[in-house]
Amino acid sequence: SADERSKRLKPLASLLQENSDIDPSQVKQMDFAELRDKLISLNPLNPEWVSKINEAEAEFWVNSAGIRIDYSDKILGFECGGQQWVSEVSFPVYDGSVSDIDFVFELLSLA
């Protein structure tokens, strides 16, 4: 519903309204990706600013948590946050397997 959408987007929308002169009616029309992109564009090289955006985004994802049952093509399509470099990986994981955890530990060892 529109109220649920507004609640989920509130952390990002509030941050944008507090730090820009964008008309509130425009902010209400923006989706997650647009809000995040607009926020980043205000000061993309400032680590403190990006940290604030990340905190608002984390709150957005907490507000978006829940259970959803639908066809996979409707669930797997989501707002990813605009322009980003993403490396996606998939592999089979079987009952009792820890290959997913092993994979994460291997990635962490590279850092």
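Residues numbered from 1 in each chain as written. Predicted model: local features only at pLDDT ≥ 70, side-chain atom pairs only at ≥ 80, totals over all residues. Heavy atoms only, no water.

Caption draft 1: Representation of the overall build of the chain in the model. When its secondary structure is counted, the chain shows six helices and zero strands. Listed by position from the N terminus, the elements making up the chain come as α-α-α-α-α-α. In terms of overall dimensions, the chain is more spread out than a globule: its C-alpha atoms have a radius of gyration of 17 Å, far above the 13 Å expected for 111 residues. Oriented by its inertia axes, the alpha-carbon framework of the chain measures out at about 50 × 35 × 20 Å. Taking all 111 residues of the chain together, 18% fall into the buried category. If you take every contact in the chain between residues at least 6 apart in sequence, the share linking residues at least 24 apart comes to 48%. The distance from the centre of the 10 positive side-chain charges to the centre of the 20 negative ones in the chain is 8 Å. (Helix = DSSP H or I, 4+ residues; strand = E, 2+ residues; numbered from the N terminus. Rg over C-alpha atoms; globule rule 2.2 N^0.38 Å. Buried < 20%, exposed > 50% of the residue type's maximum accessible area, 1.4 Å probe, protein only. Contact = heavy atoms within 4.5 Å. Lys, Arg positive; Asp, Glu negative; His and termini not counted. Charge placed at Lys NZ, Arg CZ, Asp CG, Glu CD.)

Caption draft 2: Region of the structure containing the pattern of salt bridges. Counting across every chain of the model gives one salt bridge. Linking glutamate 57 and arginine 36 is a salt bridge whose minimum nitrogen-to-oxygen distance equals 2.4 Å. Within this pair, whereas glutamate 57 is found in helix α4 (residues 47-63), its partner arginine 36 is found in helix α3 (residues 32-42), the two being separated by 21 residues in sequence. Owing to a relative accessible area of 11%, arginine 36 belongs among the buried residues under this scheme. (Salt bridge = Lys/Arg side-chain N within 4 Å of Asp/Glu carboxyl O.)

Caption draft 3: Spotlight on the layout of surface pockets. There is about 210 Å³ of room inside the second largest pocket. Around the second largest pocket, the lining residues are Arg5, Ser6, Leu9, Lys10, Ala13, Ser14, Gln17, Val27, Lys28, Met30 and Leu35. Contributing elements (two or more residues each) for the lining of the second largest pocket: α1 (2-19) and α2 (24-29). Element by element, the count of residues in the lining of the second largest pocket is highest for α1, at seven residues. (1 Å grid on protein atoms, 1.4 Å probe; cavity = no way out; pocket = protein on both sides within 12 Å on 5 of 7 lines; lining within 4 Å. Points joined across faces, edges and corners; volume = space filled by probe spheres on them.)

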